[in-house]
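So the chains spell out like this:
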Amino acid sequence: MSSVTLDGVTKVFDDGTVAVDHVDLEIADGELLVLVGPSGSGKTTVLRLTAGLEELTEGEIRIGPRVVNGLHPMDRDIAMVFQSYALYPHMTVRENIGFGLRLRRTPKSEIRERVEATAAKLGLTDLLKRKPAQLSGGQRQRVAMGRAIVRDPAAFLMDEPLSNLDAKLRVQMRAEIQRLQADLGTTTMYVTHDQVEAMTMGDRVAVMHEGRLVQLDTPQTLYARPADLFVAGFIGSPAMNFVRARLEGSNGTLVASFGSTKLELPTRLLPAAVAQRTGGDVIVGLRPEHLEIASGSDGRPVLRAPVALSEPVGSQVIVHLDLDCASIGDSDFCACLDSRSVCDRGELVTLAVDPATLHFFDPDTEIALS
């Protein structure tokens, strides 16, 4: 097993497009690191550069102690799992799993042993004689995983391997990949656009935006302490609500005003950088799941708004609100409430806000104020 290190990795395409912009990244030996971001953020290009499928413009890539910049993909001791299963339709499961070993002229007896051991790990033993057309989507993905595992590589590179599966099977395969990676202890770079997948799978998560690595941390830290407005809006579902607010001092508290809402915020609960903005504007972030129907007078600040739409989603109901000020971003201002909360369209609801859960951002730089 080996660590994977990217040092100043940059990729500029022939038309001048900067796909990856000076990315520094180290994946520890045995770590499962997830690269996440929207389409066009550069995450797949980073993986392809690491694999040797794209040529570096600048920087250095190391797998273990070896600099692999000039090495052919086959010589980098990595194994890839793609979005498309890339199985050979005319080969059996056994032949597909063992194909890479045959290319390396591994002895037949060793191929047989390694294929059967890998199939046992993945629950494929009874399917070794079948061809891909006779398998379900989940079974095909296991075969693709088996083809990577059987080689015992220094690192796995996985490019959105679950995106072709239905929602229920994706959840099942997420857990299987996590268990398998933990058992094998193989260093893994996993690329996805699905932030839920990233948050549930990664030991650490690297968030990419416009070719840059904007934050790298544990899933919980990304959620609780996003570095900027992009990360705050990308991590979490439904997305964080954002409003532009004016800060004014009042009797030892700060009042954040947006529209008709005035949130009284004890300064002791606020970062010093926020208190210093008194008399100026900030962007306030409120996670939908941190809002709740106000009950009585418990001292928490509240906001009131009519309901525009209610979406029941099992244990919760997502309530979209008509604030009398503009929200920042593409989404409606919403709250995730207990499913027992009945909120009819047009009804005026009062929501309690816990000041300790608020996020604040500089409206010019969009960097978090902390």
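Since we're looking at a predicted model, the values are computed, not measured.

Definitions and limits used
Residues numbered from 1 in each chain as written. Predicted model: local features only at pLDDT ≥ 70, side-chain atom pairs only at ≥ 80, totals over all residues. Heavy atoms only, no water. Phe/Tyr/Trp six-rings, centres within 6.5 Å; stacked < 30°, edge-to-face > 60°. Helix = DSSP H or I, 4+ residues; strand = E, 2+ residues; numbered from the N terminus. Buried < 20%, exposed > 50% of the residue type's maximum accessible area, 1.4 Å probe, protein only. Lys NZ or Arg CZ within 6 Å of the ring centre and 35° of its normal. Pairing = 2+ DSSP bridges. Axes fitted to C-alpha atoms, helices over the stretch in contact; angles between N-to-C directions. Salt bridge = Lys/Arg side-chain N within 4 Å of Asp/Glu carboxyl O.

Visitor: Talk me through the packing of aromatic side chains; I want residue IDs and the actual numbers.
Guide: Aromatic ring pairs are reported here in terms of the distance separating the ring centres and the angle at which the planes meet. All chains considered together, the criterion is met by three aromatic pairs. Relative to phenylalanine 99, the ring of tyrosine 88 lies with its centre 4.8 Å away and its plane at 55°, an arrangement referred to as tilted. Note that tyrosine 88 is positioned in the loop between strand 6 (78-81) and helix 2 (93-103) and phenylalanine 99 in helix 2, a separation of 11 residues in sequence. Classification of tyrosine 88 as partly exposed rests on a relative accessible area of 33%. Between phenylalanine 242 and phenylalanine 361, the ring centres sit 5.9 Å apart and the planes meet at 80°, which makes this aromatic pair edge-to-face. Of this pair, phenylalanine 242 sits in strand 11 (residues 241-250) while phenylalanine 361 is found in strand 20 (residues 359-361), placing the two residues 119 residues apart along the sequence. The positively charged end of arginine 287 is found above the aromatic ring belonging to tyrosine 223, 4.1 Å away from the centroid.

Visitor: Before we move on, could you go through the sheet that holds strand 17 (residues 316-321) and cite the residues and values that matter?
Guide: Read across the open sheet, the five strands follow the order 15-19-16-17-18; overall the sheet is antiparallel. At either margin of the open sheet sits one strand with a lone partner, and together these are strand 15 (291-293) and strand 18 (333-338). Taking each pair of neighbouring strands and ignoring which way they run, the sheet shows an average axis angle of 50°. When strand 16 (residues 302-313) meets strand 17, the two strands line up antiparallel, connected through six bridges. The residue of strand 17 that forms the bridge with glutamate 311 is isoleucine 318.

Visitor: Any details on the pattern of salt bridges? Residues and values, ideally.
Guide: Any two side chains of opposite charge can pair, so long as their charged atoms come close to each other. This model, assessed by the stated rule, comprises 12 salt bridges. With a shortest N-O distance of 2.8 Å, arginine 114 and glutamate 110 are connected by a salt bridge. On the criterion of helical spacing, the pair formed by arginine 114 and glutamate 110 is a turn pair, its members being four residues apart in helix 3 (residues 108-122). What emerges from the salt-bridge pattern is a single network uniting Arg244, Arg246, Glu248 and Asp281.

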